[in-house]
Each structure stands twice: as structure tokens, then as C-alpha cells.
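# Commentary on secondary and tertiary structure
Here is what each chain is made of, one letter per residue.
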Amino acid sequence: MAAPRASTDTSSGAKRAPRTIGWLLLAPLLLWLLAFVVAPTAILFVYSFCQRDELGQVVFSFTGGNYARILDPVYLGIFGRSLWYAALTTALCLVIGYPVGYYIGRSPPARRSLLLLLMMIPFWISFLLRTYAWISLLKGEGLVSSLLQGLHLLAGPLDILYTPTAVVLGLVYTYLPFMILPIFTSAEKLDHSMIEAALDLGAGPVRAFTQVIIPLTKPGIFAGVLLVFVPSIGMFAVTDLMGGAKVPMIGNVIQNQFGQARDWPFGAALGITFLALFAVAFWFLHDRGAEGRR
Amino acid sequence: MSADPSPPGAESALAARAASSKLNPNVQNHPDTQLEWEFRLTPLPAMPAMPAAGAPVSTETMVELRGVTKRFASVTAVDAVDLTIRKGEFLTLLGPSGCGKTTLLRLLAGFEIPTTGQILIEGQDVSNIPPYRRDVNQVFQSYAIFPHLTVEENIAFGLKMRHVPLAERCARVEEALALVSLAGLGKRRPHELSGGQRQRVALARALVCRPKVLLLDEPLSALDAKLRHDMQLELKQLQRQLGITFVFVTHDQEEALIMSDRIAVIHRGRIDQLGTATEIYHAPASAFTADFIGEANLLDGDIVSSNGVTALVRLDEGVEVTVRAAALRPGSTRALLSIRPEKIYITRTKPAKDNCFKGAIENEIFRGAMDELRIRVAHNLQLMAMVANESAHEHAWHKGDTVYCAIHTDDIVVVEQK
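In every chain, residue numbers begin from 1 and rise along the written sequence. Each chain gets a letter, beginning with A, and each ligand a number, beginning with 1, in the order they are written. Local features in this predicted model are restricted to residues of pLDDT 70 or higher, and side-chain atom pairs are both shown and tallied only at a pLDDT of 80 or more, whereas totals for entire chains, interfaces and linings draw on every residue. Derived side-chain values reflect all non-hydrogen atoms in the structure, with water molecules and hydrogen atoms excluded from consideration.

So, on to the overall build of chain B. Secondary structure summary: chain B contains 10 helices and 20 strands in total. Summary of the burial criterion: residues with accessible area below 20% of their type's maximum are buried, those above 50% are exposed, and those between are partly exposed, where the area comes from a 1.4 Å probe applied to protein chains only. Relative to its full complement of 418 residues, chain B shows a buried share of 52%. Whether two residues are in contact is decided by their heavy atoms: any pair within 4.5 Å suffices. Contacts spanning at least 24 positions in sequence make up 66% of the contacts within chain B whose residues lie at least 6 apart. With residues, only the protein chains shown are counted as cover, and all accessible areas are computed by Shrake-Rupley using a 1.4 Å probe. Element-wise, carbon and sulfur atoms account for 53% of the exposed surface of chain B, whose accessible area totals about 18900 Å². Here a strand is any run of E in DSSP of at least two residues, a helix any run of H or I of at least four, and the numbering for each starts at the N terminus.

In C-alpha cells:
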């Protein structure tokens with residue numbers, strides 16, 4: 001990574017002017033980030049060390065108690081479940097999304113645009129609408145259930161709605177495009193002669209895939225994993241609707257603290273912990289991703 | 001980035017070493033290089049016995065193409081090609097872009113399956129055998145070095161795929177690195193190498209597999225002119241040493257002339273002419289080959305008379321030239337003649353020769369070592385001549401000078417006749 005940057009730095013002093021312009025161009029984004037990301041996070045960080053009174057008002061007397069509460073087995077269990085569902089969702093998205101992304105990336109340009117368009121069309125419809133559609137599909141007297149029973153593949157009505165299966169299904173459905181897109185980008189950039197070189201050197205299709213294609217599309221895999229794992233661990237809408245609030249994930253707990261429970265300091269502590277976990281995961285994955293690109 | 005900035009001097013030093021070992025005929029007796037040469041010449045199991053440098057190419061057949069045709073939708077890229085490639089031969093497929101030479105190479109590699117026809121390697125029909133089961137390796141035009149692997153890992157890739165044991169693999173990788181003068185650079189990442197070094201890695205990666213045939217797809221086209229010429233000589237020498245059959249694709253006629261044992265000139269998916277460099281240059285069999293290889297004055301004319309030794313051809317422009325009668329088939333009435341520009345001698349006084357035309361220099365083009373002169377010898381006939389560059393001398397040729405063009409009878413080649 002350092003190589004290209006070093007080489008641009010060695011060139012003439014004409015770099016200085018563009019640097020000022022660069023900052024100016026970035027200014028709106030930086031102000032936005034400062035006002036709506038950095039500042040709220042700082043407030044959240046402060047809140048996470050506060051307490052609340054009986055009415056749910058934040059009291060500025062500082063304590064580490066909120067963080068200690070997270071270690072309660074109930075919350076650790078929810079953290080664990082969230083990690084597990086997010087990991088499962090990510091793995092399923094990778095298995096389903098890789099072939100799709102790769103296929104689109106290797107398609108001739110005309111077909112590529114069509115396939116990308118087809119993939120984006122569902123996004124034109126509201127997320128909530130799509131989730132409710134899933135609910136009516138999956139419920140006991142729903143379409144899928146009657147179809148399976150009609151084909152005698154299922155004895156009784158389908159019973160997966162409001163179970164972890166439905167939650168993971170909903171998560172996979174929601175985040176699959178975020179896996180496909182970065183893999184598509186990597187596959188598109190893959191030089192075809194690399195694959196031919198692998199075949200030429202005696203690698204059959206399987207080993208050409210594992211030894212050359214996968215390593216060379218690693219940046220896309222890492223980006224996709226990150227884009228699916230991070231948001232799915234914090235998802236609360238799908239768990240609420242398709243899990244029927246029976247299988248809460250960490251997102252639901254946080255939402256609840258800021259909502260019904262009116263315990264903002266504890267919600268803030270959960271949020272900050274969550275953020276720290278993401279930061280570590282991102283740092284870890286990003287490092288690996290960079291390695292893959294080299 | 002890790003420490004070593006790969007100084008530009010390193011590569012030129014390598015090139016210089018390579019060049020000096022080429023130029024010095026005694027290099028084989030030098031104690032330091034003895035070892036290296038010995039291990040270059042170590043007989044390898046999968047390879048035929050290696051001929052000594054300069055040994056004539058064997059007459060055994062390595063590759064045979066029988067009526068090979070490749071069609072893509074409505075385009076016929078390769079059209080019923082018959083070709084026999086000999087064991088240990090350096091064969092070049094030469095032609096302009098889009099002539100089908102690359103498709104021909106891809107058919108040999110196994111990336112394309114012939115629409116009709118057969119490809120045989122050592123007598124075995126490989127037409128439908130996939131690339132990973134052919135004893136053929138390719139050096140790609142883009143080099144196709146795997147960026148996620150080190151130089152060593154790149155070179156070892158083919159051996160790993162063939163399950164060569166680790167110890168032997170390491171030894172062969174070292175051997176291959178030494179062979180292409182990259183010893184010591186095995187741990188580098190491809191992005192830390194120069195273009196010329198990457199080219200050598202691609203070569204080593206293919207050679208380490210000890211292929212029956214090495215395919216090279218314009219491997220030198222990305223190098224600058226100087227390095228390219230060094231590599232041409234080095235590749236040629238390497239091929240001689242190893243005795244591996246090379247099939248080399250290029251559109252650069254000079255490169256083909258320098259390196260090849262035989263050249264197949266490809267035109268519109270067919271082999272226009274197959275022969276040694278000198279045959280192709282001095283006795284082109286078609287207007288296309290005469291025009292594509294080097295430069296030529298191509299002239300059409302009627303065969304007027306023959307005395308058994310020489311024949312007279314009246315060019316369509318009205319000028320008469322004498323050619324060797326032996327070059328003409330009895331009964332021919334029309335002939336297409338080719339005269340190489342460097343075979344036209346320019347003088348100021350009329351020489352006593354058969355083919356001598358008076359003309360005026362219409363244009364003089366400085367081309368470095370040579371001067372190109374355009375001389376009008378008849379109102380509709382302009383000849384192109386090449387003379388050693390004399391622009392610094394007081395006797396230099398100038399635009400407007402009246403000169404005589406003399407052409408030896410033997411230097412007028414009958415390309416086509418009917």
C-alpha cells in the first residue's frame with residue numbers, strides 16, 4: 001500500500017496547491033461527519049458513564065456501572081447470539097453472493113448492466129414492505145407453506161416465522177446485495193490472463209479458483225464481509241418483524257433502552273461497546289483486505 | 001514498502017552480465033560460470049536430450065497441425081492451417097494484428113478448441129485436451145504474474161500444481177531463477193520488479209515446468225527498444241541451450257528475422273509463407289510477405305523475352321528490367337517483381353550494368369543509420385532506395401540530384417507470376 005503513495009510524494013512540489021483544494025473539497029463531508037457522527041458519538045460516550053433517575057432523565061454523576069451491567073449473562077448471551085446470527089448471515093451471503101457477483105463481473109458489458117439492474121430493482125420498493133411480504137410468504141397459512149404442503153414435501157403447516165431461521169433468512173435477504181456488489185467489482189477487475197496462466201500451469205478449474213481467483217478477489221470478499229457483518233449485527237427491524245421480538249439481537253436491546261426502557265446511559269454503554277467491537281473488526285478485516293490487494 | 005528500492009542499475013547490470021556472457025565465446029570455460037552452465041545443461045527427465053548450442057534443429061516432429069480451423073461466430077480466425085513444428089525449433093508466427101497468429105497460439109495452448117482439424121503434440125491428438133493437461137506452457141503478453149505471490153511462489157506454481165515434492169521444487173525454482181539471471185530476487189513481490197524483470201519471471205515460471213513446447217505471445221512488446229534487443233538475443237540463446245521447442249508470436253518482422261529458425265508468415269488466418277529468415281526475406285513467395293517483411297519496391301510487368309539465362313520484363317510503368325530466366329516458369333506472361341531498397345546502388349555517373357535507371361531524388365528521409373531516398377525513374381515510377389547515412393559528408397545525396405540507380409539481376413526477385 002505504501003508503494004504508490006511514496007511514489008507520488010517524491011514527485012514535484014506542485015502537490016501543495018492541490019492539497020489545499022483537496023481539503024476545501026472535503027470540507028462539506030468533514031463538517032457533516034463532525035456534526036452528525038463525531039459530536040453524537042462523543043455525547044453518547046459521555047452518557048454511557050452517566051446514571052438515570054426514576055423518570056428516565058440522564059443524571060450527570062459518573063459511574064462505570066453501565067459497562068459492568070453489560071457483563072450480565074443476559075446481555076452477553078444477546079451479544080453472543082447477535083455475533084452468531086451476523087456470522088451465519090455473512091457466511092450464507094458469501095456462499096450465495098460470490099458465484100452471483102463473480103458471474104456478473106465476468107459477463108460481457110451488456111449482460112452485466114442488465115443483471116446489475118435486476119439486482120437493484122427490489123431496492124425501489126420500501127424495505128418494510130419487502131419485509132412484510134416475507135412475513136406473509138412464510139407464515140403458517142402463507143404461500144410457501146401451502147406450496148410445500150401441496151407438493152407433499154411438508155406434513156403440517158410451515159413453522160419458521162418468528163424463529164431464528166426466519167431472522168437469518170430476513171438478514172440474508174436484506175444484505176445479500178452488499179456482498180454481491182464488492183465481489184462483482186473485484187471480479188470485473190480480474191485480468192483474464194491470470195486465470196489462463198493458472199490453467200496453463202496445470203491448475204484445473206477447482207485449483208485455479210482456490211489458488212488464483214479467490215486470492216485475487218479477496219479485497220471484494222473482505223469488503224463484502226464487512227458490509228454484511230457490521231450492519232446485520234445491529235439490525236433490529238428484521239428481528240422485530242420476522243423474529244416477532246422473540247429472538248432479540250443487540251440492536252433490539254439498544255433500541256429498547258432508548259425507547260420503552262428509557263435508560264439512555266445503559267443504551268449508550270451498549271452502543272459504545274458495539275462501536276468498539278466494530279472498530280476492532282474493521283481494523284482486522286481491513287488489514288487483511290489490504291494484504292489481499294498487494 | 002519493504003526496504004530494497006530495486007535500483008535501476010541492478011537490472012542494467014544484469015543485462016550487461018547477460019550481454020557479456022553472450023559476447024564472450026570463452027564464457028563456458030570460465031571457472032565461475034562453469035557451474036551455472038553445467039546446471040543449465042543438466043539433462044532434465046521430461047525434456048529431450050539437449051543439442052549443443054548451434055546444433056541443427058532435429059528433423060523429428062514435435063507439433064503437427066492438420067487442417068486446423070477456428071471460427072468465432074462469423075469470423076474465421078484460423079483457416080485450414082497445416083503446419084509441422086520440429087523438435088527444438090524456434091518457430092515464429094509473424095503477421096499483422098488480427099491475422100490469426102494469437103488464435104493459433106491459443107489453440108496450441110488449449111485455450112481454444114479447433115472448430116475443425118487436429119493438433120498433435122508428439123503424435124498425440126491434443127485437440128480436445130484442456131490447457132492444464134497439456135505439456136505446453138505460455139509466456140503471456142501481459143506476463144500474468146500472480147500479484148498475490150512472491151517471485152518464488154509464482155515460479156513454483158506450476159510445480160506445485162503437478163505435485164512435485166518440495167525439495168525438488170525448491171531446487172528447480174532456484175535453477176530457473178539463475179537461468180533468467182534473477183538469482184536472489186525470489187522473495188520479491190511482483191510489484192517490486194521492473195518490467196524487464198517481470199518478463200523474466202514469466203519466462204522462468206513457464207520454463208521451470210519443462211514444457212515440450214514453450215509458447216510466447218509477444219512477450220517483448222512492452223520493453224523498450226534497447227532492452228528488447230538484448231532479450232531477443234538472450235531468449236534465442238536460452239532456447240538453443242535448453243533445446244525446447246519455442247513458438248513465438250510477434251508482429252515485429254525484425255524480431256522474427258533475428259530470433260527464428262523458421263518463420264510462418266500469417267495472413268488472414270492462413271500461412272502465407274513458411275521458411276527460414278533468409279528465405280522469407282530474400283525469396284518472398286507473395287506480395288504480402290514481400291511487403292510485410294522489410295521494405296520492398298513491388299513492380300508488375302509483362303515478360304517480354306528470354307534468352308534462357310536472363311529474361312526481360314517490361315514494367316507497367318514502361319521501364320524494362322532484366323531478371324534471371326531461371327526464376328520464371330515457362331509460359332508465364334506476367335510477373336510481380338520485388339526489389340529491396342538496400343539493393344539499389346546509387347551513383348552519379350552511369351555504371352555499366354544491366355539494370356540501370358536514370359532518375360532524380362524527389363525526397364530524402366533521414367532514418368538514423370540509413371537514408372531513405374525516393375527516386376523518380378519514370379513519370380509514374382518512384383523507387384525507394386536505402387543508402388548508408390551520409391548526410392554529414394560533402395558527397396551527401398540531396399533532393400533534386402540526378403542519379404543512376406543500378407540493380408543487380410540477382411536482386412530482382414520474382415514474387416508472383418502468371
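We now examine the overall build of chain A. Broken down by element type, chain A carries 14 helices and 2 strands. Projected onto its principal axes, the C-alpha positions of chain A cover 70 × 70 × 35 Å. For chain A, long-range pairs separated by at least 24 residues make up 65% of all intrachain contacts whose partners lie at least 6 apart in sequence. Surface exposure of chain A reaches about 16300 Å², of which carbon and sulfur atoms provide 73%. Neither His nor the chain ends is counted toward charge; the positive residues are Lys and Arg and the negative residues Asp and Glu. Charge positions are represented by NZ for Lys, CZ for Arg, CG for Asp and CD for Glu. Mean positive and mean negative side-chain charge positions of chain A (20 and 14 charges, respectively) differ by 7 Å.

Residues and elements named next belong to chain B. Any two strands are treated as partners once DSSP identifies two or more bridges connecting them. If you trace the 5 strands from one edge of the open sheet to the other, you get 15-19-16-17-18, paired in antiparallel fashion. A strand with exactly one partner marks an edge of an open sheet, and here the two such strands are strand 15 (344-347) and strand 18 (381-388). Shown here is a sheet whose adjacent strand axes are inclined to one another by a mean of 45 degrees, direction ignored. Interaxial angle, 0 to 180 degrees, is taken between N-to-C directions of lines fitted to C-alpha atoms, where a helix line uses only the stretch in contact.

What follows deals with the sheet that holds strand 10 (residues 270-275) of chain B. Residues and elements named next belong to chain B. Strand order across the open sheet formed by 6 strands is 6-7-8-3-9-10, with mixed pairing between neighbours. Among the strands making up the open sheet, the edge pair consists of strand 6 (136-139) and strand 10. Between one strand and the next, the sheet's axes are offset by a mean angle of 20 degrees, whatever the strand orientation. Where strand 3 (residues 90-94) and strand 8 (residues 245-250) come together, 5 bridges link them in parallel fashion. Each residue of the ladder has a partner; that of L94, found in strand 8, is T250. Packed onto the sheet, helix 7 (residues 225-242) meets strand 3, strand 7 (213-217) and strand 8 and runs at close to 155 degrees relative to strand 8.

Domain limits in this description derive from either an automatic procedure or a database domain assignment. For chain B, the domain assignment lists domain 1 (61-282) and domain 2 (295-417). Put simply, the middle of domain 1 of chain B and the middle of domain 2 of chain B, counted by C-alpha atoms, are 39 Å apart.

Detailed reading of predicted coordinates is not advised where the pLDDT is low. Residues and elements named next belong to chain B. Across the chain, each position has a pLDDT score giving the predictor's confidence in that residue, from 0 to 100. The predicted model of chain B averages 85 in pLDDT, with 85% of residues at 70 or higher. Here helix 2 (residues 31-41) stands out as the least confident element of chain B, with mean pLDDT 39; strand 3 is the most confident, with 97. Taken as a whole, residues 1-55 scores under 50 in pLDDT and shows 61 contacts with residues more than four places along the chain or in a different chain. Reported confidence for the predicted complex is 0.78 by ipTM and 0.79 by pTM.

To continue, consider the pattern of salt bridges. Residues and elements named next belong to chain B. One speaks of a salt bridge when a side-chain nitrogen belonging to Lys or Arg is within 4 Å of a carboxyl oxygen belonging to Asp or Glu. Using the criterion set out here, one finds 29 salt bridges over all chains in the structure. Measuring nitrogen to oxygen at the nearest pair gives 2.6 Å for the salt bridge that ties D252 to R228. Of this pair, D252 sits in the loop between strand 8 and helix 8 (253-259) while R228 is found in helix 7, placing the two residues 24 residues apart along the sequence. Overall, D252 belongs to the buried group, its relative accessible area being 17%. Of the charged contacts, one joins E362 and R376 as a salt bridge, the two residues approaching to 2.9 Å between their closest N and O atoms. Of the two residues, E362 sits in strand 16 (residues 355-367) while R376 sits in strand 17 (residues 370-378), which places them 14 residues apart along the sequence.

Our next topic: the environment of B:I344. Residue and element names in this part refer to chain B. Inspection of the secondary structure assignment puts I344 in strand 15. Using a relative accessible area of 2% as the deciding quantity, one classes I344 as buried. When the C-alpha positions of I344 and I412 are compared, they lie 9.9 Å apart, and in sequence the two are 68 residues distant. Setting aside residues no more than four positions away along its own chain, I344 makes contact with N297, I339, L383, M384, A385, M386, C405, A406 and I407.

This part covers the pairing of strand 14 (residues 334-339) of chain B. Residue and element names in this part refer to chain B. Most of strand 14 sits out of view: 5 of its 6 residues are buried. Where strand 14 lies against strand 20 (residues 412-417), 5 bridges are found, and the strand directions are antiparallel. Along strand 20, the bridge assignment pairs A335 with Q417.

The next subject is the interface of chain A and chain B. Contacts between the two partners involve 21 residues from chain A and, on the opposite side, 25 residues from chain B. Of the roughly 2100 Å² buried where chain A meets chain B, counting both sides, 65% is carbon and sulfur surface. Counting across the chain A and chain B interface gives 1 salt bridge. As used in this structure description, the phrase polar contact means that two N or O atoms lie within 3.5 Å; if the pair is within protein, one of them must be able to donate a hydrogen and the other to accept it, and residues adjacent in sequence are counted only when both atoms belong to side chains. The interface formed by chain A and chain B includes 8 residue pairs in polar contact (both at pLDDT 80 or more). Of all the elements in the fold, those that place two or more residues in the side of chain A that touches chain B are helix 1 (2-10), helix 9 (192-200) and helix 10 (205-216) of chain A. Accessible area, probed at 1.4 Å, shrinks when two parts are joined; the buried area is that loss added up over both.

Let us now look at the packing of helix 5 (residues 109-120) of chain A against helix 8 (residues 164-189) of chain A. Residues and elements named next belong to chain A. At a minimum axis separation of 12 Å, helix 5 and helix 8 run at an interaxial angle of 165 degrees. When the interaxial angle is binned, helix 5 and helix 8 end up roughly antiparallel. In this structure, the crossing between helix 5 and helix 8 has a hand that is left-handed. Contacts between helix 5 and helix 8 involve R112, L116 and M119 from the first element and P177, I180, L181, F184 and E188 from the second. Following the grouping adopted for this structure description, the nonpolar residues are Ala, Val, Leu, Ile, Met, Phe, Trp, Tyr, Cys and Pro, the charged ones are Asp, Glu, Lys and Arg, and the polar ones are all others, Gly among them. Classifying every residue of the contact of helix 5 with helix 8 by side-chain character gives 6 nonpolar, no polar and 2 charged. Under this scheme an angle from 65 to 115 degrees is roughly perpendicular, one under 35 degrees roughly parallel, and one over 145 degrees roughly antiparallel; angles in between are oblique. Two helices crossing with the near one rotated counterclockwise from the far one by less than a right angle form a left-handed crossing, whereas a clockwise rotation gives a right-handed crossing.

Glancing now at helix 6 (residues 127-138) of chain A. All names here are of chain A. For a helix, the expected span equals 1.5 Å multiplied by the number of residues minus one. A rise of 1.5 Å per residue sets the reference length of helix 6, with its 12 residues, at 16 Å; its end C-alpha atoms lie 17 Å apart and thus fit the reference within 8%. Listed in full, the buried residues belonging to helix 6 are R130, T131, I135 and L138. Viewed along the axis of helix 6, the buried residues span an arc of 150 degrees, placing them on a single side of the element. At the N-terminal end of helix 6, a side-chain oxygen is found 3.2 Å from the backbone nitrogen of L128, two or three residues along, and the residue is S126. This arc is taken over the directions from the axis of the helix to the C-beta atoms.

Residue position: A:A203 is located in the loop between helix 9 and helix 10. Apart from residues lying up to four places away in sequence, A:A203 is in contact with A:A198, A:A208, B:Y132, B:F157 and B:M161.

Moving on to a nonpolar patch on the surface. Residues and elements named next belong to chain A. Like-charged residues within 9 Å of one another, or nonpolar side chains (Val, Leu, Ile, Met, Phe, Trp, Tyr) within 5 Å, are grouped into patches, provided each residue has over 30% relative accessible area and no salt bridge. Taken together, the side chains of L114, L117, L118, M120, I121, F123, W124, I125, L129, F178, L181 and L227 present a nonpolar region at the surface, about 1100 Å² in accessible area. When residues in the nonpolar patch are grouped by element, the largest group, 4 residues, is from helix 5. Mapped onto the fold, L181 is located in helix 8.

With a phi close to 60 degrees, A:H152 is a non-glycine residue in the positive phi region. When you line up the elements, A:H152 lands in the loop between helix 7 (143-150) and helix 8. Its identity as a non-glycine residue notwithstanding, B:S181 has a phi of 55 degrees, on the positive side. Tracing the backbone through its elements, the reader meets B:S181 in the loop between helix 5 (166-179) and helix 6 (195-207).

Looking now at the side chain of A:D200. Relative to the helices and strands, A:D200 is located in helix 9. Here A:D200 sits buried without a salt bridge, and the closest side chain of opposite charge, B:R205, lies 6.8 Å off (N-O distance). Within the local environment of A:D200, its side chain forms a polar contact with the backbone nitrogen of B:Q138, the two atoms lying 2.7 Å apart. Look past the residues within four positions of A:D200 in its chain and what remains in contact with it is B:A109, B:F111, B:P131, B:V136, B:N137, B:Q138, B:F140 and B:R162.

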